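Next come the chains, spelled out residue by residue.
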Amino acid sequence: MLIDYTFFQGPLLISGIVSPNAAPSPTTSSITGDVDNYISYYEVEYLVKALGKVVYEQFSEYLQEEKEPVKLWDDLKGMLVGSIGDKYKASPIANYIYFFYARSHQSDTTVNGVKRDSDIGDLVSPVDKMVFAWNDMVKMNANLYKWLDLQHIEGWSFDKSLLKPINMFNL
């Protein structure tokens, strides 16, 4: 995996994620495990959409094996994971995952049906944060797309839906 829970800080904060060095509670362990599951699934989905299946498989193979450095793959990794200043990590992959995590966690599925989160306090729609995360990803994807296009990688394809901004009205 290219990203981990540490990308979900700052603007993409998911409350309850703790460092492996901290003393975990059952709740924080559950949240961190849930985020890890989203990363495992949605990172692959994003990379296949951004690179195409053929290039994703080549890139994934490079990341898994210890080989001589290949500038193309190292530069691609640099395009996909970076930082904002000294404090926050940034990645279009993290934004993509955050969007689907927030969308999925608006309600919980139980044996009795689907219900809204029952924490005490006013519930606020996650749509503003979801729109921010998606549109921030779109900006990063535009740079990624331009870079990939200049590389002329055989087998590369890009799902153009990753370049389309959204708004809260779904227009």
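See the structure above.
In short, a report on the structure. (Residues numbered from 1 in each chain as written. Predicted model: local features only at pLDDT ≥ 70, side-chain atom pairs only at ≥ 80, totals over all residues. Heavy atoms only, no water.)

Applying the stated criterion across every chain yields a total of 14 aromatic pairs. Each ring, one from Tyr 38 and one from Tyr 101, has its centre 5.1 Å from the other, and the planes form 75°; the classification is edge-to-face. On the criterion of sequence distance, the pair formed by Tyr 38 in helix 1 (residues 26-51) and Tyr 101 in helix 4 (residues 92-104) is long-range, its members being 63 residues apart. No difference in accessibility class separates Tyr 38 from Tyr 101, as the two residues are buried. Relative to Trp 156, the ring of Tyr 145 lies with its centre 5.4 Å away and its plane at 50°, an arrangement referred to as tilted. Here Trp 156 lies in the segment after helix 5 (127-151) and Tyr 145 lies in helix 5, a separation of 11 residues in the sequence. According to the relative accessible area criterion, Tyr 145 is partly exposed, its value standing at 22%. (Phe/Tyr/Trp six-rings, centres within 6.5 Å; stacked < 30°, edge-to-face > 60°. Helix = DSSP H or I, 4+ residues; strand = E, 2+ residues; numbered from the N terminus. Buried < 20%, exposed > 50% of the residue type's maximum accessible area, 1.4 Å probe, protein only.)

At a minimum axis separation of 9 Å, helix 1 and helix 4 run at an interaxial angle of 125°. Here helix 4 runs oblique to helix 1, going by the angle between their axes. Pair helix 1 / helix 4 crosses with right-handed handedness. Residues Ile 31, Asp 34, Val 35, Tyr 38, Ile 39, Tyr 42, Glu 43, Glu 45, Tyr 46, Leu 47 and Lys 49 of helix 1 touch helix 4, and the partners they reach there are Pro 92, Ile 93, Tyr 96, Ile 97, Phe 100, Tyr 101 and Ser 104. Here the residues of the contact of helix 1 with helix 4 sort into 13 nonpolar, 1 polar and 4 charged. (Axes fitted to C-alpha atoms, helices over the stretch in contact; angles between N-to-C directions. Parallel < 35°, antiparallel > 145°, perpendicular 65-115°, else oblique. Left-handed = near helix turned anticlockwise from the far one by under 90°. Contact = heavy atoms within 4.5 Å. Nonpolar A, V, L, I, M, F, W, Y, C, P; charged D, E, K, R; others polar.)

Taken as a whole, this structure holds 2 salt bridges when the rule is applied. With a closest N to O distance of 2.7 Å, Asp 75 and Lys 71 form a salt bridge. With Asp 75 and Lys 71 both in helix 3 (residues 71-80) and 4 residues apart, this pair spans about one turn of that helix. Taking the relative accessible area as the measure of exposure, Lys 71 reaches 62% and is therefore exposed. (Salt bridge = Lys/Arg side-chain N within 4 Å of Asp/Glu carboxyl O.)

At a minimum axis distance of 8 Å, the contact between helix 4 and helix 5 shows a crossing angle of 155°. When the axes of helix 4 and helix 5 are compared, the pair comes out roughly antiparallel. Relative to helix 5, the crossing made by helix 4 is left-handed. Contact with helix 4, carried on its side by Pro 92, Asn 95, Tyr 96, Tyr 98, Phe 99, Phe 100, Ala 102 and Arg 103, involves Lys 129, Met 130, Ala 133, Trp 134, Asp 136, Met 137, Met 140 and Asn 141 of helix 5 and no other residues of that element. Looking at the contact of helix 4 with helix 5, its residues break down into 11 nonpolar, 2 polar and 3 charged.

In this structure, Ile 3, Phe 8, Tyr 46, Leu 76, Leu 80 and Leu 148 are the most contacted members of the largest nonpolar core, which totals 45 residues. At the level of elements, helix 1, helix 2 (53-64), helix 3, helix 4 and helix 5 are the ones that each hand at least two residues to this core. Ignoring any residue separated from it by four or fewer positions in sequence, one finds Tyr 46 in contact with Leu 80, Pro 92, Ile 93, Tyr 96, Met 137, Asn 141, Leu 144 and Leu 162. (Core = buried A, V, L, I, M, F, W, Y, C linked by side-chain atoms within 4.5 Å.)

Any functional reading would require information beyond the geometric quantities listed.
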